[in-house]
Amino acid sequence: MRERRAALDRRRAREFEAFAAGAAGRLLHAAALLTAEPPAAAPRAQRLLTAALARTYVEWDPRHVEDPYDRARQMLAQRFIREAWRVHVRRLSGRSAAGVLGVLGPQERLVLVLRLYEGLSAEQTAALIGLPEERVRVLCARAVTTMRGRGAGRERAAGRAAARPAPSACP
């Protein structure tokens, strides 16, 4: 009985290692976007991903989970939600994030990453983070507008005329 259990545990570990090897790069990039850290040096994103993958491994059973990547993404989002407010308050008190999405608040960053980077629908994003669908749409539109405004400001500073903004990427 012990040998069979040990063999199952080894197989489970191998399956998870294969999954993590394939998905870790994309999940780390998503975590870096969420934490608003530059991808080259993202210690918070690495800790966030490690915690999410650890939680995913605890619940790992690929036979009963339809999409393991979806489950890992859900763990990453939940972990970010739990930590985001504490870090956001610290940022407001003086420290600013250096990443591309650093100008956005934690909810806006989460919605933008899930909608545009991960390609989830508004319904899926709302279900994942526990907000009404309309709120997700508003947060996404606000985040896109903020990021476009930031890009237009940079273009004006460089001496180029800002192009007319395209329709919102978050319908």
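Residues numbered from 1 in each chain as written. Predicted model: local features only at pLDDT ≥ 70, side-chain atom pairs only at ≥ 80, totals over all residues. Heavy atoms only, no water.

Chemist: Any chance you could explain the overall build of the chain here in plain terms?
Modeler: The helix and strand tally for the chain stands at 6 helices and 0 strands. Along the chain, helices (α) and strands (β) appear in the sequence α-α-α-α-α-α when read from the amino end. Here the chain, with 171 residues, has 37% of them falling under the buried criterion. Considering only contacts in the chain between residues 6 or more positions apart, those separated by 24 or more positions represent 61%. On the chain, roughly 10300 Å² of surface is accessible, and the fraction owed to carbon and sulfur atoms is 56%. (Helix = DSSP H or I, 4+ residues; strand = E, 2+ residues; numbered from the N terminus. Buried < 20%, exposed > 50% of the residue type's maximum accessible area, 1.4 Å probe, protein only. Contact = heavy atoms within 4.5 Å. Areas by Shrake-Rupley, 256 points an atom, 1.4 Å probe, with all protein chains shown as cover.)

Chemist: How should I be thinking about the side chain of E108 in this particular structure?
Modeler: Structurally, E108 can be placed in helix α4 (residues 106–117). For E108, a relative accessible area of 11% translates into the label buried. Of note is the side chain of E108, whose polar atom sits 3.2 Å from the backbone nitrogen of G105. (Polar contact = N/O pair within 3.5 Å; in protein donor to acceptor, adjacent residues only side chain to side chain.)

Chemist: When you look at the nonpolar core in this model, what are you seeing that I'm missing?
Modeler: Soluble globular proteins tend to bury their nonpolar side chains together. Among the nonpolar cores identified, the biggest contains 42 residues, and F19, L27, L76, L110, L112 and I129 are the most heavily contacted of them. When contributions to this core are tallied by element, the ones reaching two or more residues are α1 (2–35), α2 (43–58), α3 (68–92), α4, α5 (122–129) and α6 (133–157). Considering every element that reaches this core, the biggest residue donor is α1, with 9 residues. Apart from the residues within four sequence positions on either side, L27 is in contact with L49, L53, Y69, A72, R73 and L76. (Core = buried A, V, L, I, M, F, W, Y, C linked by side-chain atoms within 4.5 Å.)

Chemist: So what exactly am I meant to see when it comes to α5 here?
Modeler: One turn of an α-helix holds 3.6 residues; hence residues three or four places apart share an orientation. Taken together, the buried positions of α5 are occupied by A122, T125, A126, L128 and I129. The arc that holds the buried residues of α5, viewed along the axis, is 165°, so those residues lie on one side. Downstream of α5 by a residue or two, G130 has a phi angle that is positive, lying close to 75°. (Arc of directions from axis to C-beta.)

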